[in-house]
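What follows is each chain in one-letter form.
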Amino acid sequence: MSGPLLPGATIGVLGSGQLGRMLALVARRMGYGVHVFSPERDSPAGRIANREWSAPYEDLDAARRFARGVDVVTLEFENIPAGTVEEISALAPVRPGLRALQTTQNRLREKEFLREAGFPVAPFRAVPDRASLDAAMGEVGVPAVLKTAGFGYDGKGQTRISGPEDAGAAWESLGGEAVLEAWVVFEMELSVVAARGTSGLFAHYGAVRNTHDRHILDLTVAPAGVPPEVEEEAVEIAAGIFEELGIVGTACVEFFLTTGGDLLVNEIAPRPHNSGHWTIEGAATSQFEQQLRAVCGLPLGGTHRPEPAAMANLIGDLWKSGEPDWTAALSVPGVSLHLYGKKEPRLGRKMGHLTARASTPEEAARKAVEARESLGGA
Ligand code: AMP
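Numbering of residues starts from 1 in each chain and follows the order in which that chain's sequence is written. For this predicted model, a pLDDT threshold of at least 70 governs which residues receive local features, and a threshold of 80 or more governs which side-chain atom pairs are given and counted, while totals over whole chains, interfaces and linings are taken from all residues. Heavy atoms throughout the structure, all of them, feed into the side-chain values; hydrogens and water do not.

Visitor: Help me understand the site of the ligand, please; the structure alone is not making it clear to me.
Guide: One heavy atom within 4 Å of a molecule or strand is enough for the residue carrying it to be called near that molecule or strand. In the neighbourhood of the ligand, 16 residues make up the surrounding shell, with Lys147, Gln158, Glu181, Val184 and Glu189 lying closest. Polar contact is defined as a pair of N or O atoms within 3.5 Å, subject to the rule that within protein one atom must be able to donate a hydrogen and the other to accept it, and that residues adjacent in sequence are counted only when both atoms are side-chain atoms. A distance of 2.5 Å separates an oxygen atom of the ligand from a polar atom in the side chain of glutamate 189. Each accessible area value is a Shrake-Rupley result obtained with a 1.4 Å probe; residue values ignore everything except the protein chains displayed when judging cover. Its free accessible area being 480 Å², the ligand has 95% of it covered by the protein chains. At the level of elements, β6 (144-148), β8 (178-182), β9 (186-196) and β13 (263-269) are the ones that each hand at least two residues to the shell around the ligand. Per the annotation, domain bounds derive from an automatic or database assignment of domains. There are two domains that each give the shell around the ligand at least three residues, and those are domain 2 (123-182) and domain 3 (186-373). Only DSSP runs of H or I covering at least 4 residues are called helices, and only runs of E covering at least 2 are called strands; the numbering of each starts at the N terminus.

Here's what the structure looks like:
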């Protein structure tokens, strides 16, 4: 590609969930076409896109046809088979590329990459089989967390090990190659969402504070309210990771801030992240517009945050006793509602989110939580 891809060009998106939907909304607003590719039909992103391809990610024929119809390919889901990404790459640029995807779609590869490149991570050992688990426990210590090496997000595929008596059941529950990671006693969880353009320029939204409920992101508060040197270090680590992986697009680095004041990288998401949703109303340019700008080779937008913001996730559990009371939530001043158009509100499923802005981070968090509580439900 010589110059930037201008409005009128078509963006291909691998994956068709809410991240693809929010990207598609921006892309269409800015005059781009959007084609999405995933095994789903009538998906959250597919309903906004100009074209929805519904085929398994392994269907190389469909993937090639999809790639021929677009000018650039990005993703909202990293677990795309390498073979498919390679096929597509021969026909259209894929941003971020294969290296970023292959590294981040497997926890073991990701942690090895981080350790070898000198980024701080919690102690871990590869656990290829049951016999290695005992040795790994001896080296890493307990308590620890056993995590599947492949395909895992939102705490899926992980189990805590308190002592040797848990090892057998933990191994059985995961069944496959795993990583044993030391238990981290953290002060808080942070993330840095940022974007890197085709020229290598980097733009970030600072460090935000995340709290999880049953391993699913519950609340994000921007800014995180950590000392400036901690925020600077987190941003510097994130920038280093983007550079090493050659990421072009929006991505997120999640951290633990330990009670001892150290930052440890927990995970890298090579795509927009749930902890960056607040940027839609809360920053000069949203993480999705930034993704579009980056993958199209356009200048990145400003990341200025006029005032603190908070984002509260709306999980399927809220629908337990019927449709949530939207009027109540929307009567909280300064609160915005996002629903992803998912038909079935299953327990634990991300259905939407609320964003609140206020003059302090505490006030923004309070408003987002108050609005969510007013919805009723679980
Ligand atoms: P993950 O899917 O690896 O991001 O883990 C999901 C959540 O589980 C994290 O956001 C933490 O709240 C928790 N968690 C994961 N690994 C550890 C660890 N080594 N020590 C303590 N908590 C952890």
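Having seen the structure, we can now continue with the description.
Visitor: Would you mind showing me how to read the pairing of strand β4 (residues 72-75) here?
Guide: Regular strands place their side chains on alternate faces of the sheet. Per-residue accessibility, obtained with a 1.4 Å probe over protein chains only, is compared with the maximum for each type, and a residue is labelled buried under 20%, exposed over 50%, and partly exposed between these values. Here β4 shows no split at all, with Val72 and Thr74 on one side and Val73 and Leu75 on the other all buried. Between any two strands, at least two bridges found by DSSP are needed for them to pair. Note: strand β1 (residues 10-14) against β4, four bridges, orientation parallel. Paired with isoleucine 11 across the bridge in β4 is valine 72.

Visitor: What is the right way to read the packing of helix α1 (residues 18-29) against helix α10 (residues 287-295) from this model?
Guide: Relative orientation and spacing of two packed helices are given, respectively, by the angle between their axes and the distance between those axes. Orientation is described by axes fitted as lines to C-alpha atoms, over the contacting stretch for helices, and by angles from 0 to 180 degrees between their N-to-C directions. For the pair α1 and α10, the least separation of the axes is 9 Å and the interaxial angle reads 70 degrees. If you check the angle between α1 and α10, you find them roughly perpendicular. Judged by the sense of rotation from one axis to the other, the crossing of α1 with α10 is right-handed. On α10, the residues touching Leu19, Met22, Leu23, Val26, Ala27 and Arg29 of α1 are Phe288, Glu289, Gln291 and Leu292. Any angle that falls under 35 degrees is termed roughly parallel, while one over 145 is termed roughly antiparallel, one within 65 to 115 roughly perpendicular, and all others oblique. Take the far helix as the reference: if the near one is turned anticlockwise from it by less than a right angle, the crossing is left-handed, and if turned clockwise, right-handed. Here, two residues are considered to be in contact whenever any of their heavy atoms come within 4.5 Å of each other.

Visitor: Mind showing me how you'd approach the nonpolar core here?
Guide: Within soluble globular proteins, side chains that are nonpolar tend to cluster in buried spots. What we call a nonpolar core is a set of buried Ala, Val, Leu, Ile, Met, Phe, Trp, Tyr and Cys residues that are connected through their side-chain atoms within 4.5 Å. Among the nonpolar cores identified, the biggest contains 32 residues, and Leu114, Leu190, Ile241, Phe255 and Val265 are the most heavily contacted of them. No other element matches the eight residues that helix α8 (residues 228-245) contributes to this core. The residues that make up this core include at least three from each of domain 2 (123-182) and domain 3 (186-373). Residues contacting leucine 190, with those up to four places away along its chain left out, are Val208, Arg209, Asn210, Ala224, Val226, Val230, Val253, Glu254, Phe255, Leu257 and Leu263. Counting 23 residues, the second-largest nonpolar core is a separate cluster that includes Ala9, Val13, Met22 and Val295.

Visitor: Would you mind showing me how to read the environment of glycine 12 here?
Guide: Along the chain, glycine 12 falls in strand β1. In this structure glycine 12 comes out as buried when scored by relative accessible area, which is 0%. Along the sequence, glycine 12 and valine 73 sit 61 residues apart, while their C-alpha atoms lie 4.4 Å from each other. Residues within four places of glycine 12 in sequence aside, it is in contact with His35, Phe66, Val70, Val72, Val73 and Thr74.

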